[in-house]
Amino acid sequence: MSVVGWNSWNAFKNNINETIIKATADALIDHGLVTAGYNYLLLDDGWAAYRDENGLQQANSTRFPSGIVGITDYAHERALKVGIYSDAGILTCSFKPGSYGYEELDAATFAGWGIDYLKYDNCGGFQANTLAPQERFWRMAHALKDTGREIFYSLCQWGNQFPWLWADQFSDSYRIAGDIHASFASDSSGVCTTAYCLNTGYAGTSVLTTIRKMRELSYFQKPGSWGDMDALEIGNNAMTVLEEQTHFSFWAALKSPLIASTNLLSINQSSLDMLLNQEIIAINQDDAGLAVSYVPDLSSEGSVQIWAGPLTSGDSKFVILAFNEKNNTQDISFDLGNVPQFANSGGGSSRIRDVWGQKTFAVNGTVLLSQVGVHETKVLVFS
């Protein structure tokens, strides 16, 4: 099952400190997020200061007076796992020490601090980036393994060199594209819309473009090595409620790690309730770990997207996402007989759970969804 947790980057960028991280650990508990499955507390860039005379990474003592061990102890006492950030280059993206050339030393340091997760970025320096990314990321994989500690290894590799073709050999997750930004449909300048082109780390990729890229990649998803669509922008006040629902629905159904990345100390109730939706989380955590696939024969470019795939946990057998991409409401209808793999899940007359609508109904043949809202996604779970 993919990771569910919280990451500091989208809300705080480099401006993290011990007070923020400990308060977030408490908020994960107080808001019920830990109970819902959000058990990873992930520090992104901004924690490090320099290397000492022995080459050891040092935390910024002003921001983290108790050191990283102070964070891991605090989190572990609260049944949380802790993640940290480094880079496969000479420097991190904010020009702090990267791990290139120090892989074994840094891996041992992180393990000694009690780290449970490493996000490994792809900035660095010219010398490091003249090496194939496979080699740079492979080095840290083996260094982590040699520590003897179980550390989830997450490549933040921006889709460079098509990691879905090789990252499963030594990582637990890999980024499918450059950084997301807080926009549903508007990309920053120069963002490429397909999977097989390179964006830099600071790409500014929208939710909609990230979903588009997964048309080509969803069938690579599998337990043990997940394509990461980047941290969630839910709660960052950039989308409508329906857009946030669509964001969460696709990340869950496409089996991306579900990493909240908002200020939990000021999150609005609507966004919090969304992150706590157990039915959506259950789709992400389904035992089979199979992502939904885009159904082009039932979709219309710029208007309607239909995605579908099997489920295996409990009574759930199948899930269909019906997304209204238009800027006006519309009816969406489709014949279940034309949905790939649906017949294999039982087919025929089915009980359908409209997850966001919180209602259950029966259907046999054609599904008719009336007045689907602007950028709304209907999540239909069949049992």
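Going by what an unreviewed UniProt entry lists, the protein is known as Alpha-galactosidase and is assigned to Pestalotiopsis fici. Looking at the protein in UniProt, the text filed under Sequence similarities (unreviewed entry) is "Belongs to the glycosyl hydrolase 27 family." Quoted straight from UniProt, the Function (unreviewed entry) entry for the protein says "Hydrolyzes a variety of simple alpha-D-galactoside as well as more complex molecules such as oligosaccharides and polysaccharides."

S.K.: Provide a residue-level description of the overall build of the protein, including the pertinent values.
M.R.: Helices and strands together make up the secondary structure of the protein, namely 11 helices and 18 strands. In terms of overall dimensions, the protein is globule-like: its C-alpha atoms have a radius of gyration of 21 Å, near the 21 Å expected for 383 residues. With respect to the principal axes defined by its C-alpha atoms, the protein has extents near 70 × 45 × 40 Å. Looking at the protein as a whole, 60% of its 383 residues qualify as buried. For the protein, the share of sequence-separated contacts (at least 6 apart) that also reach a separation of at least 24 residues comes to 67%. The distance from the centre of the 24 positive side-chain charges to the centre of the 40 negative ones in the protein is 2 Å.

S.K.: Kindly report on the sheet that holds strand E11 (residues 293-294), identifying the contributing residues and their values.
M.R.: The pairing of strands in a sheet comes from backbone hydrogen bonds and takes either a parallel or an antiparallel form. A sheet is described by the order of its strands in space; here six strands give the open sequence E11-E12-E13-E18-E15-E16, paired in antiparallel fashion. On the outer flanks of this sheet lie E11 and strand E16 (359-363), each paired with one strand and no other. Of the pairings in the sheet, the one linking strand E15 (residues 350-354) to strand E18 (residues 377-382) comprises three bridges and is antiparallel in character. Residue pairing in the sheet places Asp354 in a bridge with Leu380 of E18. Taken strand by strand, helix H9 (residues 241-253) contacts strand E12 (304-310), strand E13 (318-324) and E18, and its axis lies near 145° from that of E13.

S.K.: I'd like a rundown of the state of the cysteines, residues and numbers included.
M.R.: Covalently bonding the sulfur atom of one cysteine to the sulfur atom of another cysteine gives a disulfide. For the structure on display, the rule yields two disulfides. Paired through a disulfide, Cys93 and Cys123 show a sulfur-sulfur distance of 1.9 Å. Of note, the bridge from Cys93 to Cys123 carries an S-S torsion of about 85° and is right-handed in sense. Residue Cys93 is located in the loop between strand E5 (81-87) and helix H5 (103-113), and its partner Cys123 is located in the loop between strand E6 (117-121) and helix H6 (126-129); the two are separated by 30 residues in the primary sequence.

S.K.: Account for the packing of aromatic side chains, with residues named and values stated.
M.R.: Applying the stated criterion across every chain yields a total of 21 aromatic pairs. Between the aromatic rings of Phe110 and Trp113, the centroid separation amounts to 6.0 Å while the plane-to-plane angle is 50°, which identifies the pairing as tilted. Placement of both Phe110 and Trp113 in helix H5 is noted, with a separation of three residues, approximately one turn of the helix. Each member of the pair, Phe110 as well as Trp113, carries the same accessibility label: buried. An aromatic cluster of at least three residues, connected via ring pairs, comprises Phe184, Phe250, Tyr294, Trp307 and Phe323. One Lys or Arg, Arg215, reaches over the ring of Tyr294 and ends 4.1 Å from the middle of that ring.

S.K.: Summarise the nonpolar core; cite the residues concerned and give the values.
M.R.: If you look at the biggest cluster of nonpolar residues, it comprises 94 residues, and the most contacted ones within it are Tyr38, Trp47, Tyr153 and Phe248. Taken domain by domain, the makeup of this core includes at least three residues from each of domain 1 (4-285) and domain 2 (293-382). For Tyr153, the residues in contact, after removing those within four places along its chain, are Leu118, Tyr120, Phe137, Met140, Ala141, Leu144, Phe170, Ser171, Asp172 and Ser173. If you look at the next biggest cluster of nonpolar residues, it comprises 20 residues, including Ala322, Phe334, Val372 and Phe382.

S.K.: Just give me the short version of the domain arrangement of the protein, but keep the residues and values in it.
M.R.: Domain boundaries assigned for the protein yield domain 1 (4-285) and domain 2 (293-382). Taking the mean C-alpha position of each, domain 1 and domain 2 sit 30 Å from one another. Every contact between the two is made by 21 residues of domain 1 and, on the other side, 20 residues of domain 2. For the pair domain 1 and domain 2, the two sides together bury roughly 1900 Å², of which 65% comes from carbon and sulfur. Counting the contacts that link domain 1 with domain 2 gives two salt bridges. We note a salt bridge from Glu301 to Arg215, for which the minimum N-O separation is 3.2 Å. The tally of links between domain 1 and domain 2 comes to six residue pairs in polar contact (both at pLDDT 80 or more).

S.K.: Which residues make up the pattern of salt bridges, and what values go with them?
M.R.: Going through the model one piece at a time under the given rule, you end up with 15 salt bridges. A salt bridge links Lys119 to Asp44; the shortest N-O distance between them is 2.6 Å. Pair noted here: Lys119 is in strand E6 and Asp44 is in the loop between strand E2 (40-42) and strand E3 (48-51), with a separation of 75 residues, a long-range link. One exposure class covers both Lys119 and Asp44, and it is buried. Beyond isolated ion pairs, a larger network of salt bridges with shared partners links Asp26, Glu77 and Arg78.

S.K.: I'd love a proper account of the side chain of Asn284, names of residues and values included.
M.R.: Within the element layout of this structure, Asn284 appears in helix H11 (residues 278-284). With relative accessibility at 2%, the residue Asn284 sits in the buried group. A polar contact is formed between the side chain of Asn284 and the side chain of Ser2, at a distance of 2.9 Å. Among all residues touching Asn284, those that are not within four sequence positions of it are Ser2, Val4, Trp251, Ala252, Lys255, Ser256 and Leu258.

Criteria and cut-off values
- Residues numbered from 1 in each chain as written.
- Predicted model: local features only at pLDDT ≥ 70, side-chain atom pairs only at ≥ 80, totals over all residues.
- Heavy atoms only, no water.
- UniProt positions renumbered as here; feature names shortened; annotations may be inferred.
- Helix = DSSP H or I, 4+ residues; strand = E, 2+ residues; numbered from the N terminus.
- Rg over C-alpha atoms; globule rule 2.2 N^0.38 Å.
- Buried < 20%, exposed > 50% of the residue type's maximum accessible area, 1.4 Å probe, protein only.
- Contact = heavy atoms within 4.5 Å.
- Lys, Arg positive; Asp, Glu negative; His and termini not counted.
- Charge placed at Lys NZ, Arg CZ, Asp CG, Glu CD.
- Pairing = 2+ DSSP bridges.
- Axes fitted to C-alpha atoms, helices over the stretch in contact; angles between N-to-C directions.
- Disulfide = S-S within 2.5 Å.
- Phe/Tyr/Trp six-rings, centres within 6.5 Å; stacked < 30°, edge-to-face > 60°.
- Lys NZ or Arg CZ within 6 Å of the ring centre and 35° of its normal.
- Core = buried A, V, L, I, M, F, W, Y, C linked by side-chain atoms within 4.5 Å.
- Domains from an automatic or database assignment.
- Buried area = accessible area lost by both parts, 1.4 Å probe.
- Salt bridge = Lys/Arg side-chain N within 4 Å of Asp/Glu carboxyl O.
- Polar contact = N/O pair within 3.5 Å; in protein donor to acceptor, adjacent residues only side chain to side chain.

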